[in-house]
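Take a look at the letters that make up each chain.
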Amino acid sequence: MDDAGRRGTERAPVVLQLQYRSAGHLLVNYCTNLSRGGVFIPCPDPLPAGTHLQLEVLVPGHDTPTRLDADVRWLRTEDEPDGPTGMGLAFRDVDSALGMRIDGLVTDFEPLRVFVIGRHESLRTAIASQIRMLVHCETSEYDSPVGLLDDMGLADLVVVDGNPVPEETLAFLKALQTLDRPPPRVVLCSSQAADRRAMFSPLARLLDTPVDPRVLKDVVLGGLSQVYAERFGESPVVG
């Protein structure tokens, strides 16, 4: 089924954290497309079409997690240009108040902005490409953080390669902390570089290099879900 056939209502690539149970396990994941009709959940092992799920999701503007019944409607079984592996869910019943709130989120949606910074062009480009596959967003790539602080108020997420010049990265992260609303920060760092990890960890989320795409997904979508929660004055669901 193509995307047009899957979508009966307008949707937007809003990133929200949600929880559901599968095979007795509580799973924490993220949706990357939302409408009053359903959501898309990127995941490496989508459940079979027709599977019934009970979701808990904190929709911005609601004080407590909302419980929703949903059915797996369609699958994407491998990464494609249109998006990552995952499953499209259709909500069973959405009350009018929640439906109007979701419609408002879709209507008010503004594209996310992700800055990817690093000396190695191939790594930068690969990370930016993977992020765009995960969620519809605008990515900007730079080889150095020097001189970028004034633009950071425009960023919804900043990803920095901390391996080549760690002192430069550390100074940049500290400068970001001085902003009124620092964006979520992710630093790429070798798992073997204990000294660098100790420097960066109080200031950013660490992502081991070489980068595991599954871990990248969780780190990036986790950061962007915080952006949406803060934008609408709420906190994301904590798993």
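What counts, and at which threshold
- Residues numbered from 1 in each chain as written.
- Predicted model: local features only at pLDDT ≥ 70, side-chain atom pairs only at ≥ 80, totals over all residues.
- Heavy atoms only, no water.
- Pairing = 2+ DSSP bridges.
- Helix = DSSP H or I, 4+ residues; strand = E, 2+ residues; numbered from the N terminus.
- Phe/Tyr/Trp six-rings, centres within 6.5 Å; stacked < 30°, edge-to-face > 60°.
- Buried < 20%, exposed > 50% of the residue type's maximum accessible area, 1.4 Å probe, protein only.
- Lys NZ or Arg CZ within 6 Å of the ring centre and 35° of its normal.
- Expected span 1.5 Å × (residues − 1).
- Polar contact = N/O pair within 3.5 Å; in protein donor to acceptor, adjacent residues only side chain to side chain.
- Core = buried A, V, L, I, M, F, W, Y, C linked by side-chain atoms within 4.5 Å.
- Contact = heavy atoms within 4.5 Å.
- Axes fitted to C-alpha atoms, helices over the stretch in contact; angles between N-to-C directions.
- Salt bridge = Lys/Arg side-chain N within 4 Å of Asp/Glu carboxyl O.

Colleague: Can you lay out the pairing of strand E9 (residues 137–142) for me, pointing to particular residues and giving the numbers?
Modeller: Relative to E9, strand E8 (residues 112–117) runs parallel, the two being bridged by 6 bridges. Among the inter-strand pairings, Arg113 is bridged to a residue of E9, identified as Glu138.

Colleague: Can you break down the packing of aromatic side chains residue by residue, with the values?
Modeller: Going through the model one piece at a time under the given rule, you end up with 2 aromatic pairs. Considering the side-chain rings of Phe40 and Trp74, the 5.4 Å spacing of their centres and the 15° angle between planes classify their relative orientation as stacked. Linking Phe40 in strand E4 (residues 38–42) with Trp74 in strand E6 (residues 66–76), this pair joins segments that are 34 residues apart in sequence. Classification of Trp74 as buried rests on a relative accessible area of 13%. Geometry around Phe40 places Arg76 over its ring, the cationic atom sitting 4.9 Å from the centre.

Colleague: Lay out helix H6 (residues 213–231) with the relevant residues and their values.
Modeller: Its 19 residues give H6 an end-to-end C-alpha distance of 27 Å, which sits within 8% of 27 Å, the value for a rise of 1.5 Å per residue. If you check which residues of H6 are buried, you get Leu216, Lys217, Val219, Val220, Leu221, Gly222, Gly223, Leu224, Ser225, Val227, Tyr228 and Ala229. The N-terminus of H6 is capped by Asp212, whose side-chain oxygen sits 2.9 Å from the backbone nitrogen of Arg214.

Colleague: Run through the nonpolar core, naming residues and quoting values.
Modeller: Of all hydrophobic cores here, the largest spans 48 residues; its most connected members are Val15, Tyr20, Leu53, Met87, Leu89, Ile131 and Val159. The element best represented in this core is H6, accounting for 6 residues. Contacts of Val15, omitting those with residues within four sequence positions, involve Tyr30, Cys31, Leu112, Val135, Leu221, Leu224, Ser225 and Tyr228. Counting residues in each nonpolar core, the second largest holds 18 residues, with Met152, Ala155, Val158 and Cys189 among its members.

Colleague: A description of the sheet that holds strand E3 (residues 33–35) should follow, citing residues and the corresponding values.
Modeller: Strand order across the open sheet formed by 7 strands is E2-E1-E5-E6-E7-E4-E3, with antiparallel pairing between neighbours. The two strands at the open ends of the sheet, each matched to only one other strand, are strand E2 (25–31) and E3. Recorded for the sheet is a direction-independent mean angle of 35° between the axes of neighbouring strands. Relative to E6, strand E5 (residues 52–57) runs antiparallel, the two sharing 6 bridges. Paired with Gln54 across the strands is Asp69, a residue of E6. With respect to the sheet, helix H2 (residues 96–107) is in contact with E3, E6 and strand E7 (86–91), its orientation differing from that of E3 by roughly 135°.

Colleague: Describe the pattern of salt bridges, and please don't skip the residues or the numbers.
Modeller: Oppositely charged side chains may form a pair once their charged atoms are brought near each other. Tallied over the full model, the rule gives 9 salt bridges. The closest approach of N and O atoms between Asp103 and Arg36, which form a salt bridge, is 2.6 Å. With Asp103 in helix H2 and Arg36 in the loop between E3 and E4, this pair connects stretches of sequence that are 67 residues apart. By relative accessible area, Asp103 is classed as partly exposed at 29%. Given the relative accessible area of 30%, Arg36 is considered partly exposed. In this structure, Asp208 and Arg197 form a salt bridge, with 2.7 Å as the shortest nitrogen-oxygen distance. Placement of the pair is Asp208 in strand E12 (residues 205–209) and Arg197 in helix H5 (residues 194–200), with a sequence separation of 11 residues. The exposure class of Asp208 is partly exposed, given its relative accessible area of 35%.

As far as function goes, none of this settles anything; it's purely spatial.
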